[in-house]
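# Summary of structural features
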Amino acid sequence: MPRLHPEETAAPLVPRGGTYDDVRTAAAGCRACPLWTTGTQTVFGEGEVTSRLILVGEQPGDSEDRKGHPFVGPAGRVLDQALERAGIDRGDAYVTNVVKHFKWVAVGKRRLHQKPNAREIGACLPWLDAEIELIRPRVLVAMGATAAQALLGKEVLVTRDHGRFLPSNLAPFAMATTHPSAILRTETDEARQAALDAFVEDLRLVAAVLKEK
Ligand code: URA
Ligand code: SF4
């Protein structure tokens, strides 16, 4: 991801040396990219600052935008199910997204998710950088291509690189894996089951590392 000039991003808004609450409060008023106009509110990450695991998605979806919390819609239910099967308590994880506002287009009465572009991702990344810096997780899991490429390198391919830890200066253990929404988009029950099983397998490796010391 080519980094933008700091002035084109949320960087000047991130309170230097601020507490987690300071950062969160500042993010609530962010207008660093045009997505503040499409989203209802900033959907910041959630979880204990002491979490040893950070799970990163792409951006809030329709339900998240309405409720103001990450991964509380259909994708969140898939995530909850997978975490439970892997033996990870969601309460032990900090859950967040690369982009904090919902981007969508109206299709009839539905608000259809649209992928954030490189500029929007670059503008929003300082918030995620600040979250990671404050949490200093033992394990970082990037779910889907947007998070994987923004955090672990643009050459990362989730389909090829999932299921093993990749070198990263963001956390001692970092993994790219599928996005729960990709599991929902599969066309057959069999494909859905296989995709979910593979996601759970990846999360089991994460659970194993979390259990060490
Ligand atoms: N998809 C995401 O990437 N994040 C959410 O919070 C919900 C759906
Ligand atoms: Fe700020 Fe991110 Fe929202 Fe853009 S998407 S306005 S950078 S919080």
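Everything in this summary refers to the structure shown in the same document.

So, how was this worked out
Residues numbered from 1 in each chain as written. Chains lettered and ligands numbered in written order. Predicted model: local features only at pLDDT ≥ 70, side-chain atom pairs only at ≥ 80, totals over all residues. Heavy atoms only, no water. Near = heavy atom within 4 Å. Polar contact = N/O pair within 3.5 Å; in protein donor to acceptor, adjacent residues only side chain to side chain. Areas by Shrake-Rupley, 256 points an atom, 1.4 Å probe, with all protein chains shown as cover. Nonpolar A, V, L, I, M, F, W, Y, C, P; charged D, E, K, R; others polar. Helix = DSSP H or I, 4+ residues; strand = E, 2+ residues; numbered from the N terminus. Expected span 1.5 Å × (residues − 1). Bend = angle between axes of the 7 residues up to and from the residue. Buried < 20%, exposed > 50% of the residue type's maximum accessible area, 1.4 Å probe, protein only. Patch = residues over 30% accessible without salt bridge, like charges linked within 9 Å, V, L, I, M, F, W, Y side chains within 5 Å. Salt bridge = Lys/Arg side-chain N within 4 Å of Asp/Glu carboxyl O. Phe/Tyr/Trp six-rings, centres within 6.5 Å; stacked < 30°, edge-to-face > 60°. Lys NZ or Arg CZ within 6 Å of the ring centre and 35° of its normal. Pairing = 2+ DSSP bridges.

## Section: the site of ligand 1
- Surrounding ligand 1, one finds Gly 57, Glu 58, Gln 59, Pro 60, Gly 61, Glu 64, Pro 70, Phe 71, Ala 75, Asn 97 and His 179.
- Take Glu 58: an N or O atom from its main chain is 2.8 Å from an oxygen atom of ligand 1.
- Within the side chain of Asn 97, a nitrogen or oxygen atom sits 2.7 Å from a nitrogen atom of ligand 1.
- Starting from 240 Å² of accessible surface for ligand 1 in isolation, the protein chains cover 94%.
- Class assignment of the residues belonging to the shell around ligand 1 gives a composition of four nonpolar, five polar and two charged.

## As for helix α5 (residues 118–135)
- In this model, α5 (18 residues) spans 25 Å end to end at C-alpha, consistent with the 26 Å of a helix rising 1.5 Å per residue.
- Bending of α5 peaks at approximately 40 degrees at the position of Cys 124, with proline Pro 126 no more than four residues after it.
- Here α5 lies mainly inside the structure; 13 of its 18 residues are buried.
- The backbone nitrogen of Arg 119 lies 3.1 Å from a side-chain oxygen of the residue at the head of α5, namely Asn 117.
- Just downstream of α5 lies Arg 136, where phi reads positive at about 40 degrees.

## Digging into a nonpolar patch on the surface
- A contiguous nonpolar patch, built from Val 105, Val 107 and Leu 112 and spanning about 200 Å² of accessible area, is present on the exposed surface.
- Tracing the chain through its elements places Leu 112 in strand β4 (residues 110–113).

## Remarks on the site of ligand 2
- Close contacts around ligand 2 come from Cys 30, Ala 32, Cys 33, Leu 35, Trp 36, Val 99, Lys 100, His 101, Ala 123, Cys 124 and Trp 127, and that covers them all.
- Broken down by secondary-structure element, the contributors of at least two residues to the shell around ligand 2 are α2 (35–38) and α5.
- Of all the elements, α5 adds the most residues to the shell around ligand 2, at three residues.
- Of the residues in the shell around ligand 2, the class split is nine nonpolar, one polar and one charged.

## Some remarks on the packing of aromatic side chains
- Under the criterion given, the structure shown has four aromatic pairs.
- Ring centres of Tyr 20 and Tyr 94 lie 5.9 Å apart, and the angle between their planes is 90 degrees; this geometry places the pair in the edge-to-face category. Taken together, the positions of Tyr 20 in helix α1 (residues 20–28) and Tyr 94 in strand β2 (residues 93–97) put the pair 74 residues apart, joining distant regions of the chain. Summarising the burial analysis for this pair, Tyr 20 and Tyr 94 share the class buried.
- Consider the rings of Phe 102 and Trp 104, whose centres lie 6.5 Å apart with planes at 20 degrees: the pair is stacked.
- What links up through ring pairs into an aromatic cluster is the set Tyr 20, Phe 44 and Tyr 94.
- Sitting over the ring of Trp 36, Arg 31 keeps its end group 3.8 Å from the ring centre.
- If you follow Lys 100 out to its NZ or CZ, it ends over the ring of Phe 44, 5.6 Å from the centre.

## Re the pairing of β2
- Burial of β2 is extensive: five of the five residues sit out of reach of the surface.
- Side chains of β2 alternate between two faces, with Ala 93, Val 95 and Asn 97 and Tyr 94 and Thr 96 buried alike.
- Sheet topology places strand β1 (residues 53–57) next to β2; five bridges connect them, and they run parallel. Bridging across to β2, Val 56 finds its partner in Thr 96.

## What about the pattern of salt bridges?
- The final tally for this structure, using the stated rule, is 15 salt bridges.
- Ionic pairing is found between Glu 58 and Lys 115, a salt bridge with its closest N-O pair at 2.8 Å. Here Glu 58 is found in the loop between β1 and α3 (62–67), whereas its partner Lys 115 is found in the loop between β4 and α5, with 57 residues between them in sequence.
- Of the residues examined, Lys 115 reaches a relative accessible area of 54% and is grouped as exposed.
- In this structure, Arg 66 engages Asp 62 in a salt bridge whose closest nitrogen and oxygen atoms are separated by 3.0 Å.

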